[in-house]
Amino acid sequence: MSIGTEITGGSAPEPTMEVAIKIWRYDSQTGERALKLYEVEAPEWACLLDVLDIIKDRVDGTLAYRKSCRMMICGSCGMRMDGGAVLACKERMKPIVDRGHVPVISAMGNMPIVKDLVVDMDPFWSKIRAMKPWLQPGYQEPPEREYLASQEQMNPIHKEALCIMCGCCVSECNSMESDPDFLGPAALAKGFRFVGDPRDGADIERLNEYNSEHGIWDCTRCYFCNERCPKGVDPRDAIAKLGAESVRQGIDHDLGAKHAKWFVTSTKTTGWLRETELVPKTQGIVSAIKQTKFALGLARRGKVPLPFPPHVAEEVREARALHDLLKEQNRRGAAGIVQGERGLARIERTDEGGAKRDIAEITPGEEPAAAGS
Ligand code: SF4
Ligand code: SF4
Ligand code: FES
């Protein structure tokens, strides 16, 4: 009897396929580690999680992995396929089989492996808890009626609220690899979910906490978290929004914040990043003096331009016009962040060149308004 017939229990057997996958098996108790090949027959509609179920049922019952909802909701089945984090219940196997590819499945990164594909998520949860993921409304007595937030008010945190806490972003985080204490993409996206919530009154306190060591400015902007997130949360964009909100609120004690502020001033005035002035503007005069010898060495080798007179870009007016446009649109703080591939896809170009100015914000659940309406 074919596997398809058994799984459906129906009379007509479903088309099946031969699936081959390799799995990194690991036992933290014994330290044993081995890459094992499995070949099974599976229905053509099978996803990676179905294939793991078949292996566990019919080949090796000791295979360990997590699952629950099977429909991309619970966040349990995060693991790596060919070195990148995925949700096992989201990955269809048919295109992979058709290519003749044998994927390598392993546990997520940046978290200790307990067994096979199961990681210890305690460090993940402790960072989520550190975000105080609950509303702190800031009033002594609750209002008589429920605080109703409009869709418009909630739109800025729409993406962050989609997080299912699967850990796929954390698995691929560059910064966390070198600093395990970095708060990380999932926790910081959760942080913005509350900073941007109109019902929360603790945004300043929260921003101050996220601006401390191992916080938002330690992100290397590698964008792997945006790339791997299976729910389109775009955690890197959330971190950018936290940075922009911090600067808007005057919370700029971190070198990262000073660096970002100098970037803005520098591009506005010259259209370039004036690198020679970067150190004094971000680290202060004392630090700059200490690095004078190094800077002179760079200048001698033509690695940095002399600060005076500052080099002004030919098209500096474009950079200034962009500044004016953002100001005109009142895009301060989080409202000024349009990042990542999905964000860039929303910037339409006019025939004359330059960004279109009248793109309406897209409200979830509504058809985008026709241009000019
Ligand atoms: S941000 Fe995306 S990848 Fe990260 S935990 Fe949430 S849903 Fe998973
Ligand atoms: S963009 Fe930042 S938070 Fe996201 S994976 Fe890279 S270092 Fe981590
Ligand atoms: S099993 Fe729930 S997200 Fe995959």
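Residues numbered from 1 in each chain as written. Chains lettered and ligands numbered in written order. Predicted model: local features only at pLDDT ≥ 70, side-chain atom pairs only at ≥ 80, totals over all residues. Heavy atoms only, no water.

## Remarks on the site of ligand 2
Move 1: Every residue lining ligand 2 is accounted for by Cys173, Ser175, Phe182, Pro185, Cys219, Thr220, Arg221, Cys222, Tyr223, Cys225, Arg236 and Ile239.
Move 2: When grouped by side-chain class, the residues that make up the shell around ligand 2 number 8 nonpolar, 2 polar and 2 charged. (Near = heavy atom within 4 Å. Nonpolar A, V, L, I, M, F, W, Y, C, P; charged D, E, K, R; others polar.)

## Some details on helix H8 (residues 185-195)
It helps to recall that an α-helix has 3.6 residues per turn; residues three or four apart then point in one direction.
Move 1: Counted residue by residue, H8 has 11 buried out of 11 residues, so it is predominantly covered.
Move 2: Every buried residue of H8 is accounted for by Pro185, Ala186, Ala187, Leu188, Ala189, Lys190, Gly191, Phe192, Arg193, Phe194 and Val195.
Move 3: Considering only its buried residues, H8 is in contact with helix H4 (122-130), helix H6 (168-171), helix H7 (174-178), helix H9 (203-210), helix H10 (224-228) and helix H11 (235-248). (Buried < 20%, exposed > 50% of the residue type's maximum accessible area, 1.4 Å probe, protein only. Helix = DSSP H or I, 4+ residues; strand = E, 2+ residues; numbered from the N terminus. Contact = heavy atoms within 4.5 Å.)

## Quick look at helix H2 (residues 48-58)
Move 1: Counted residue by residue, H2 has 8 buried out of 11 residues, so it is predominantly covered.
Move 2: Every buried residue of H2 is listed here: Leu48, Leu49, Asp50, Val51, Leu52, Asp53, Ile54 and Ile55.

## Some remarks on the nonpolar core
Move 1: Ranked by size, the top nonpolar core spans 35 residues in total, and within it Leu188 and Leu242 carry the most contacts.
Move 2: Where this core is concerned, the elements lending two or more residues are H4, H6, H8, H9 and H11.
Move 3: Of all the elements, H8 adds the most residues to this core, at 6 residues.
Move 4: Structurally, this core is a two-domain feature, drawing no fewer than three residues from each of domain 1 (15-119) and domain 2 (122-140 + 151-248). (Core = buried A, V, L, I, M, F, W, Y, C linked by side-chain atoms within 4.5 Å. Domains from an automatic or database assignment.)

## Things to note about unusual backbone geometry
Move 1: Positive phi values are uncommon outside glycine, yet Asp82 reaches one of about 50°.
Move 2: With respect to the helices and strands, Asp82 occurs in the loop between strand E3 (78-81) and strand E4 (84-87).
Move 3: Phi is positive for Asp116, close to 45°, though the residue is something other than glycine.
Move 4: Examined against the element boundaries, Asp116 turns out to sit in the loop between strand E6 (113-115) and strand E7 (118-119).

## Side note on the pairing of strand E1 (residues 16-27)
Looking along a regular strand, one sees side chains alternate from face to face of the sheet.
Move 1: Of the pairings in the sheet, the one linking E1 to strand E2 (residues 32-43) comprises 12 bridges and is antiparallel in character. By the bridge assignment, Ala20 is partnered in E2 with Glu39.
Move 2: The pairing of E1 with strand E5 (residues 104-106) spans 2 bridges and is classified as parallel. Pairing of Ile23 across the sheet is with Ile105, part of E5. (Pairing = 2+ DSSP bridges.)

## Examining the packing of aromatic side chains
Move 1: All told, the structure shown has 1 aromatic pair when counted by the stated rule.
Move 2: Relative to Trp125, the ring of Phe124 has its centre 5.0 Å away and its plane inclined at 90°; by these criteria the two rings are edge-to-face.
Move 3: Over the ring of Trp24 we find Arg33; its NZ or CZ atom is 4.2 Å from the centre of that ring. (Phe/Tyr/Trp six-rings, centres within 6.5 Å; stacked < 30°, edge-to-face > 60°. Lys NZ or Arg CZ within 6 Å of the ring centre and 35° of its normal.)

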